[in-house]
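Okay, here's what each chain looks like letter by letter:
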Amino acid sequence: MMHFTRTQPGPTQALLDQKGKDDTNKRYDIPGVRTQLADDFFEKCYICSSESTSMRIEHFRPHQGNRDLMFDWNNLFYACEHCNSLKSDGYKGLLDCTKTTKIDDKIEFNYRPAKPIRQKVNITDIDSKSPDTIELIQVVFSTNSTPTKRMGAKSLEKKLGIALRNFQTVVEQYQSKQSPANEALLRLEVNNQSEFAAFKRWKVKQAPQNYPVQLPGWFVN
Ligand SMILES: [Zn+2]
């Protein structure tokens, strides 16, 4: 999970227009909303930080039929199908990543593929004051609750492993040749546009001697 800046006022008026329609015609999943969310969230799920072909428009606070919450631009988030279904109407104390900055300083994101353990992803609270956030992120990467959800978690964990190996390649490229192009690639890997950026940052934080930490301001946002 990373911080995202929400465009304001965004498609607020289009949502208000929809809110005024009768029950059979009202829709919050309209092209202007979907496009703006994709842009603001860099096409990533705000919970797991992955890009997916099946993205959902998610209500941060469950609307449960409440039209104000259903059409409130500030309550609409971008989530993958897997995370959307696991969050469902629960986890009501989640950190709002559009209002909270530096989330990777408040939560530790660990991936330990080498250990012979079932749970390779470990999410630890440092100062988030949000047990719901810790639990939900842990659950999306390691749930076993149903065969479909287990498959979703396994495939997400696999994507994370691949992304971290690619990150390592970019680090090594930069270490062998410190060109502006290689530096730009490295910066892209750890900013909030990148998939699983918080996990990559924690690789660096845990073993700074292995990474070019001298890059000023590379953990922006
Ligand atoms: Zn997700």
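Up top you'll find the structure we're talking about.
Residues numbered from 1 in each chain as written. Predicted model: local features only at pLDDT ≥ 70, side-chain atom pairs only at ≥ 80, totals over all residues.

K.L.:
Before we move on, could you go through the overall build of the chain and cite the residues and values that matter?
P.N.:
Along its length, the chain carries 9 helices and 4 strands. Its C-alpha atoms give the chain a radius of gyration of 18 Å, near enough to 17 Å, the size a compact globule of 221 residues would have. The dimensions of the chain, computed from C-alpha atoms along their principal axes, are 60 × 40 × 30 Å. A total of 221 residues make up the chain; the buried ones form 31% of that total. In the chain, of all internal contacts separated by at least 6 residues, the share reaching a separation of at least 24 is 62%. (Helix = DSSP H or I, 4+ residues; strand = E, 2+ residues; numbered from the N terminus. Rg over C-alpha atoms; globule rule 2.2 N^0.38 Å. Buried ≥ 20, exposed ≤ 12 C-beta atoms within 10 Å, placed from the backbone. Contact = placed C-beta atoms within 7 Å.)

K.L.:
Account for unusual backbone geometry, naming residues and giving values.
P.N.:
The step from Q8 to P9 runs through a cis peptide bond, and the omega angle for that step is 0 degrees. Take P9: it is sitting in the segment before α1 (12-19). At S49, a position not held by glycine, the phi torsion is positive, near 75 degrees. Relative to the helices and strands, S49 resides in the loop between α2 (31-40) and β1 (55-59). Classification of S49 by C-beta neighbours within 10 Å gives buried; the count is 29.

K.L.:
Break down the environment of A181 for me, with residues and values.
P.N.:
Along the polypeptide, A181 turns up in helix α8 (residues 180-190). Classification of A181 by C-beta neighbours within 10 Å gives exposed; the count is 10. Taking C-alpha positions, A181 is 34 Å from R56, a pair spaced 125 residues apart along the chain.

K.L.:
Go over the nonpolar core with me, naming the residues and quoting the values.
P.N.:
Y46, I47 and V140 are the most contacted members of the largest nonpolar core, which has 50 residues in total. The greatest single-element share of this core, amounting to 7 residues, is contributed by helix α7 (residues 147-176). If you count residues domain by domain, this core takes at least three from each of domain 1 (12-87) and domain 2 (103-210). For Y46, the residues in contact, after removing those within four places along its chain, are M1, F4, F41, F77, Y78, A79 and C97. (Core = buried A, V, L, I, M, F, W, Y, C linked by C-beta atoms within 7 Å. Domains from an automatic or database assignment.)

K.L.:
Residues and numbers for the packing of helix α6 (residues 131-142) against α7, please.
P.N.:
In contact at an axis separation of 6 Å, α6 and α7 are set at 95 degrees when each is read in the N-to-C sense. Here α7 runs roughly perpendicular to α6, going by the angle between their axes. Of the residues in α7, those in contact with V140, F141 and S142 of α6 are A153, L156 and E157. Its residues assigned to classes, the contact of α6 with α7 shows 4 nonpolar, 1 polar and 1 charged. (Axes fitted to C-alpha atoms, helices over the stretch in contact; angles between N-to-C directions. Parallel < 35°, antiparallel > 145°, perpendicular 65-115°, else oblique. Nonpolar A, V, L, I, M, F, W, Y, C, P; charged D, E, K, R; others polar.)

K.L.:
Can you tell me about the environment of L69, naming the residues and giving the values?
P.N.:
Relative to the helices and strands, L69 is located in helix α3 (residues 67-70). When the C-alpha atoms of L69 and T35 are compared, they prove to be 20 Å apart, with 34 residues separating the residues in sequence. Residues in contact with L69, not counting those within four places in the same chain, are H59, R61, H63 and N75.

K.L.:
Quick rundown of the packing of α7 against helix α9 (residues 197-206)? Include the residues and the values.
P.N.:
Interaxial distance between α7 and α9 falls to 10 Å at its minimum, and their mutual angle equals 50 degrees. Between α7 and α9, the crossing angle belongs to the class labelled oblique. Between α7 and α9 the crossing geometry is right-handed. Here α7 contributes L160, L164 and F167 to the contact with α9, which in turn contributes F199, K200 and K203. Classifying every residue of the contact of α7 with α9 gives 4 nonpolar, no polar and 2 charged. (Left-handed = near helix turned anticlockwise from the far one by under 90°.)

Interpretation in functional terms is not warranted from these geometric data alone.
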